[in-house]
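Observations on chain architecture
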Amino acid sequence: MPSSLLWAVDVYGRVYTLSTAGQNWELCKDAHLEFKRLTSVQQCCWGIAGDHQVYLYVHSSDVPIRYQEETYENQRWNPVDRFCEKLLPSDRWQWSDVTGLKHQPLDSFRLPSEHWEWEADWYVDENIDGEPTEKGGWTYAIDFPATYTKDKKWNSCVRRRRWIRYRRYKSRDSWAKISSQDDGPLPDPFSDISAGGWDITDEPRGHLSLWAVSLQGKMWYREGIHHHNPEGSMWTEVTTPGEVVQISCGPSDLVWAVLWEGQLLVREGISRENPKGSSWVVVDSPSTEVGAIHVAVGINVVWAVTKDRQVWFRRGVNSHNPCGTGWIGMVGEMVMLNVGLNDQVWGISCEDRAVYIRHGVTSSELSGKTWRAIAVARDDDRSRSGSANSLASAGCFFSGEVRVQSSVMNDAESSSETERSQAAQSTSPTHADAMKRRIPKVTSDSFISELVSDKERKPGRDGRDGQTPSIQEEGAPQEQAFADQETSVELLPQSSSQQGARDPKWSNVDLEEAQPPLPAAASDTTETSSLSSVATYNLGMEEQYGVDEHPLWAWVSGGGCAVDSHTHLNWFNASTGVSSSVQSMSLSITPAQTAAWRKQIFEQLSERSKREMENFKHYEQAIEQSVWVKKGNMQWWRDWKPNKWIDVRFALEQFSGTDGNRDGILFIYYTFNDEKKYLHAFINEITVLVPVLNDTKHTFAIYTPERTKQRWPIRLTAATEQEMHDWLALLNLSCCDSRGIHGPPCKQAIWSTTCKGDIYVCEPPPNLEAVPYPLPCDQMFWRQIGGHLRLVESNSVGIVWGIGYDHTAWVYTGGYGGGFSQGLGSSTDNIHTQTDVKSVYIYENQRWNPVTGYSSRGLPTDRYMWSDVSGLQECTKASTKPPSPQWTWVSDWCIDYNTSGGTDREGWQYAADFPATYHGYKTMKDFVRRRRWARKCKITTTGPWLEVPPIALWDLTVLPCSSQSSIEEVALWGISNKGDVLCRIGVTQQSPAGTSWLHVGTDQPFKSISIGGGYQVWAIARDGSTFYRGSVSAQNPAGDSWYHIPSPPRQKLKQVSVGRTSVYVVDENSNLWYRQGLTPSYPQGSSWEHISNNVRRVSVGPLDQVWIIADKVQGSHSLSCGTVCHRVGVQPMEPKGQSWDYGIGGGWEHITIRGNSQEAPRIVMPVPAENTLEKKGSVAEEGSEGGGRTASISSVLCIKEEELNGNAVSC
């Protein structure tokens, strides 16, 4: 989990952030502003400053915030001027939007605020539906509006082209004032603000709901906040049944508010189409005696604080019942609360003004267990020491001059520790509690009332009781303030020169009663500060705690802070009062001295070991020969009909041979027709062990070369999940021992992932690519590596990256094991906790009938009304479980509006019948419809992976190179989940994670990218078009510009892979294409040639090896999906190869061969004439209409060649 931030404001208005990976509060940049309220999300933070203006703080990122402005230039043909800007009166505007209804010439576009800047000038988009247009970007049609094409025809009477210009948000890592020049001045001065709503049911990612409350008790909503417009567009008022004093918005559709009378409001009707909701429901205060003053909501929780500072928890809250069912009183007294991600709760204690976190909050126990104080230092505490600096900082939130009386300062400097302890002892507990209650709430709505209550208290306290009034009463003797021997603060009006030098600051209290200036003798040690609020308290109380030991907080926001039960926090052990002497002692030993000390000890131990071993050289080495057997009871899936689970005895016999190598045999003892039989498999013949996800059984499969060909592995199930993991770990270790494989994978390893997210790695033998007799794929041994990933990419110098199902990027740490492999089968270091989140989908199907319209009553031949995507398996909300017991649900079922093909406003897709091509709109011929429901689940495991925050990735590629390469920095490219193209900077063997991302500009979002051995970068956009990046090199890692490459005729591409000299792509119809005509002088190539069909994914290695994941591969029992296949016969003179050799399958999702740069030994031998195959491939020339082929290279296979390879199949 990447680090995230907890935001807080102290009583002086200073903003601090605390990272989940840090140990101290860091003062926020742009700290000259003083804030009252904050509300944070993961990507930004909103705040209300002392001037009652709203400010936005957007975190910096390697990916810029860009917004695309577009307009269309329209022209009509006439016999005189040909195509020109002279249009008919009934035509659209010459410059318009895509609909033609809005007039928008180029000079009408303006930047929305001062926080934006233009990237470049306007330019023409020369792309239409993934195909390049002619120079000029014109597309033609018969009339407005119509279907436009890139080709000009005899009846093309109108044409148009699109102009594009990008603007970029520039105010990042700074507080940007929200401009009100477009929508007028702010409605009212704001007093509270809350952000959320990013998880509203399938709301487009990045949309945000921002609610605000004004000083007059009105409620406002900020429109138009999303990824490309973080500021939003305008404020709209939301009517309420009363005056509101505070509001809280959760990540999803929960919005609660507090009324002035102490009651609570709940917003109902919040949805994807209506994020502002429709109506309010009044909920009574938790206490009948006192009203509520604060509320905080999350995903499924509501917390409240009443006027007596008691904390309450609302039970029964969810999206279907936002009002909940009842209140539960909780332990603790808090000033305010805030709920963040995962329903984690933070609060500020009423007693000591410290920030607390609710410990023990889980999905099953949302109320948590106890409050735990966050005890960490602030980064500016080390620069402040003594009460003088504390006093100076204390004045930063007042609106006059702060003058420290010189006699007090001198007395403080000369006082001894005994006098200080006596002064502390003289303060009675009663007065100390009163002092705590009178800490100023400068960011609170009740700030003025607090001052009034302080003034109404009796001022008849003298220095003997250790208490000084917080604010000097009018007419109080000034001499008594000196006699109290307590540090006091007096408010002085600013001089005219100071007022002219700076803008006037806001103030909550009239300054007419401010004290007159002190005599000059008492102002020698005067310190001034920028002031904004009349609120102060006795600084002697701060002396009691010490500034560095006890910061006083006024507000906390954790809306963007991700903390769960697995998060390790260093917030509770940090010492905030470490003396300088202790710090200097800890720094007395430098890292260089430590390294020299370790080196010296290592050399001494090496010399001792060498000296002792020399005395025993003449002895013969002892070889241990032993037999070890482990037995257990399992169930085995019988190979023959009737297939069923039967009870068996399972035994692993492991022994050590005379050569010291360990080997073993696996026995399965079963009974058939009252006859005892057994099945066995040699350990050195096992090629892979695969855990099988099953709701009811803990199953795993054992593959051997013979069973790989048959697509029929040995399937066993254990009684418990732990027993299955123990057997898998033991068998995996035994298989590695029999092959002499120990430690982490080599740099040349082949990585692969399954459809379940399991990670497998294979150590490639030297004869894997041998010609003419390569090693068959079904004899390759795959071992599992801990973790859970969707894809993995590697290269020959050991750089390995992966992407999870939640688009999180991970980098390989060099370890091995993890997951179920623990103990001897796993490394002790470089193993870390890894989490992944993915969605489970089910489909709701309906058929139309004349009586009821669309309903869940289908025909007898129809699919299930709740089913999977195929419709063959019934899947209801209640019966659908997570993929395995390791997964847990983290959300409820919701409609998925991002289904391929589009949906209507309710998520439905329409078609003529089941199954068919679905579209997102209804026509007269559509008699069936469906919509997809999604639910997220989460897995937590371990593996040799470290997260690379913060950008979520969709695809990545690593530069393939030789293992002997001396390259210093490895090129690594990626595509974010939003489609941005990125280049990673600083990736080396010593630092495989790199340092930062470099954004590469594009005109449209991309989905696949690959870099070749010669820095050839090819990419595929989301519309299926292909691009080549020019001038990429080690000196220019980002290249210069994109070149549009025509795709194969009538095909949209989805994935690309580039090797040393070869480029392969896969289209959306699972066809594999090879790019012909690639030369150093013309790296874009000339045409596409079809190679094979039924291909899911392709990987091209540094030696132009070709490996794929194929579907519909023939086996003894059925067609197999997700099978690893290897292209045989790839040579420099024949880069397309000859045939396919299949290996492990099915269920494989991804493979990368880009780390294997071993040159295979070549055997020169004559080939019999009868075994020579003449193959003809079809070449699809660019611009050709046909694209038909005579015979595909992989569609015809000779029996002789099948006998030669033994494993060649058609994909």
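Residues numbered from 1 in each chain as written. Predicted model: local features only at pLDDT ≥ 70, side-chain atom pairs only at ≥ 80, totals over all residues. Heavy atoms only, no water.

Within the protein, the secondary structure is distributed over 13 helices and 75 strands. Relative to its full complement of 1211 residues, the protein shows a buried share of 52%. Taking the contacts inside the protein whose residues are at least 6 apart along the sequence as the reference set, 59% of them involve residues at least 24 apart. (Helix = DSSP H or I, 4+ residues; strand = E, 2+ residues; numbered from the N terminus. Buried < 20%, exposed > 50% of the residue type's maximum accessible area, 1.4 Å probe, protein only. Contact = heavy atoms within 4.5 Å.)

A cis amide bond links Lys641 to the next residue, Pro642, at an omega of -5°. Within the fold, Pro642 resides in the loop between β36 (627-637) and β37 (645-656). Across the junction of Pro949 and Pro950, the peptide omega takes the value 0°, indicating a cis bond. If you trace the backbone, Pro950 turns up in the loop between β56 (945-947) and β57 (953-958). Here the phi dihedral of Asp173 falls at roughly 60°; this positive angle occurs in a residue that is not glycine. Position of Asp173 among the secondary structure elements: in the loop between β15 (158-169) and β16 (175-177). The class for Asp173 is partly exposed, based on a relative accessible area of 23%. Look at Asn673: it is not a glycine, yet its phi comes out positive at around 55°.

Time to look at the pattern of salt bridges. Taken as a whole and judged by the stated rule, the model has 27 salt bridges. Between Arg37 and Asp192 there is a salt bridge, and its shortest N-O distance comes to 2.9 Å. You can see Arg37 sitting in strand β4 (residues 35-40) and its partner Asp192 sitting in strand β17 (residues 190-196), a full 155 residues away along the chain. Residue classification places Arg37 among the buried residues on the basis of a relative accessible area of 4%. Overall, Asp192 belongs to the buried group, its relative accessible area being 0%. Of the charged contacts in the structure, one is a salt bridge between Glu844 and Arg931, with a shortest N-O distance of 2.8 Å. Taken as a pair, Glu844 in strand β49 (residues 832-849) and Arg931 in strand β55 (residues 928-943) lie far apart in primary sequence, 87 residues in all. Here Glu844 and Arg931 have matching classes, each one buried. When salt bridges that share partners are traced, they join Asp10, Arg14 and Arg378 into one network. (Salt bridge = Lys/Arg side-chain N within 4 Å of Asp/Glu carboxyl O.)

There is a patch of like negative charges on the surface, built from Glu289, Asp308, Glu333 and Glu351. The topology assignment puts Glu333 in strand β28 (residues 326-339). Relative accessible area serves as the criterion here: at 41%, Glu333 is assigned to the partly exposed category. (Patch = residues over 30% accessible without salt bridge, like charges linked within 9 Å, V, L, I, M, F, W, Y side chains within 5 Å. Areas by Shrake-Rupley, 256 points an atom, 1.4 Å probe, with all protein chains shown as cover. Lys, Arg positive; Asp, Glu negative; His and termini not counted. Charge placed at Lys NZ, Arg CZ, Asp CG, Glu CD.)

Here we take up the nonpolar core. One recurring pattern in soluble globular proteins: nonpolar side chains tend to sit buried together. Core analysis: the largest hydrophobic core is formed by 37 residues, its most contacted members being Ile799, Trp801, Leu953, Trp973, Phe1006 and Trp1042. Secondary structure elements with two or more residues in this core: β47 (800-803), β48 (809-812), β57, β58 (972-976), β59 (981-985), β60 (996-1000), β61 (1006-1011) and β62 (1017-1021). When near neighbours in sequence (up to four residues on either side) are disregarded, Leu953 contacts Arg790, Trp801, Ile803, His807, Ala809, Ile975, Ser976, Asn977, Leu982 and Trp997. Residues Trp7, Tyr16, Ala49 and Ile374 belong to the second largest nonpolar core, which totals 31 residues. (Core = buried A, V, L, I, M, F, W, Y, C linked by side-chain atoms within 4.5 Å.)

Considering all chains together, one arrives at 40 aromatic pairs under this definition. Between Phe650 and Trp727, the ring centres sit 4.7 Å apart and the planes meet at 85°, which makes this aromatic pair edge-to-face. Of this pair, Phe650 sits in strand β37 while Trp727 sits in helix α12 (residues 721-739), placing them 77 residues apart in sequence. A relative accessible area of 2% means that Trp727 is categorised as buried. Judged by centre distance (6.2 Å) and plane angle (45°), the rings of Tyr669 and Tyr678 are tilted. Looking at Tyr669, the relative accessible area reads 39%, which means it is partly exposed. (Phe/Tyr/Trp six-rings, centres within 6.5 Å; stacked < 30°, edge-to-face > 60°.)

Burial analysis of strand β41 (residues 698-703) places 6 of its 6 residues in the buried class, which makes it a mostly covered element. With burial as the criterion, each face of β41 is covered, one bearing His698, Phe700 and Ile702 and the other bearing Thr699, Ala701 and Tyr703. Summarising the sheet, strand β40 (residues 688-692) and β41 pair through 5 bridges and their orientation is antiparallel. Bridging across to β41, Pro691 finds its partner in Phe700. Here β41 pairs with strand β42 (residues 714-718) via 5 bridges, running antiparallel. Residue pairing across strands places Thr699 opposite Thr717, the latter belonging to β42. (Pairing = 2+ DSSP bridges.)

On to the UniProt feature "domain: Peroxin/Ferlin" (unreviewed entry) in the protein, then. According to UniProt, the positions carrying the feature "domain: Peroxin/Ferlin" (unreviewed entry) are residues 64-125, 137-170, 835-896 and 907-940. The straight-line gap between the two end C-alpha atoms of residues 137-170 is 30 Å; of that span, 0% is helix and 44% is strand. (UniProt positions renumbered as here; feature names shortened; annotations may be inferred.)

With that settled, consider the sheet that holds strand β31 (residues 370-373). Within a sheet, neighbouring strands are paired by backbone hydrogen bonds and run either parallel or antiparallel to one another. An order of β25-β26-β27-β28-β29-β30-β31 is seen for the 7 strands of this open sheet, with the pairing classed as antiparallel. Looking at strand neighbours, the two that pair on one side only are β25 (292-297) and β31, the edges of this open sheet. Taken over all neighbouring pairs, the strand axes of this sheet differ in orientation by 40° on average, direction set aside. Here strand β26 (residues 302-306) runs beside strand β27 (residues 310-315); their pairing, made up of 4 bridges, is antiparallel. Along β27, the bridge assignment pairs Ala304 with Trp312. (Axes fitted to C-alpha atoms, helices over the stretch in contact; angles between N-to-C directions.)

Turning next to the environment of Gly798. Looking at the secondary structure, you find Gly798 in the loop between β46 (791-794) and β47. The class for Gly798 is partly exposed, based on a relative accessible area of 26%.

Along the chain, Thr139 turns up in strand β14 (residues 139-141). Each residue touching Thr139, except ones within four places of it in the same chain, is listed here: Ile128, Thr133, Tyr148, Thr149, Val158, Arg159 and Arg160.

Burial of β26 is extensive: 5 of the 5 residues sit out of reach of the surface. Both β25 and β26 contribute to a ladder of 5 bridges, which runs antiparallel. Among the inter-strand pairings, Ala292 is bridged to a residue of β26, identified as Thr306.

Time to look at the sheet that holds β47. Here 4 strands make up an open sheet; going across it, the order is β46-β47-β48-β56 and the pairing antiparallel. In the strand order of this sheet, the two ends are held by β46 and β56, each with one partner. Pairwise comparison of adjacent strand axes, ignoring direction, gives a mean angle of 30° for this sheet. Sheet topology note: the β48/β56 ladder contains 3 bridges and is antiparallel. Across the sheet, residue Trp810 finds its bridge partner in β56, namely Glu947.

Between its first and last C-alpha, α12 extends 27 Å over 19 residues, near the 27 Å set by a 1.5 Å rise per residue. Looking at the residues trailing α12, positive phi occurs at Gly740, about 70°. (Expected span 1.5 Å × (residues − 1).)

Moving on, we get to the environment of Arg315. The residue Arg315 is located in strand β27 in this model. Apart from the residues within four sequence positions on either side, Arg315 is in contact with Gly324, Thr325, Gly326 and Ile328.

Before going further, it helps to examine the confidence of the model for the protein. On average, residues of the protein score 79 in pLDDT, and 76% of them reach the 70 mark or higher. Throughout residues 574-588 the model reports pLDDT below 50, and contacts reaching past four residues in sequence, or to other chains, amount to 11 contacts. Overall, residues 1169-1211 carries pLDDT values under 50, and its contacts beyond four positions in sequence, including any with other chains, amount to 81 contacts. (pLDDT = per-residue confidence, 0-100.)

Right, let's talk about the state of the cysteines for a bit. Per the stated rule, a full pass over the model turns up 0 disulfides. Here Cys762 stays unpaired: no disulfide links it, and the sulfur of Cys746, its closest cysteine neighbor, is 8.8 Å away. (Disulfide = S-S within 2.5 Å.)

With that settled, the discussion passes to the environment of Trp908. Along the chain, Trp908 falls in the loop between β53 (894-895) and β54 (909-911). C-alpha of Trp908 to C-alpha of Arg930: the two residues are 22 residues apart in sequence and 5.5 Å apart in space. If near-sequence neighbours (up to four positions away) are discounted, Trp908 is found in contact with Glu844, Gln846, Thr903, Gly920, Arg929, Arg930 and Arg931. Only 3.5 Å separates the side chain of Trp908 from the side chain of Glu906, close enough to count as a polar contact. (Polar contact = N/O pair within 3.5 Å; in protein donor to acceptor, adjacent residues only side chain to side chain.)

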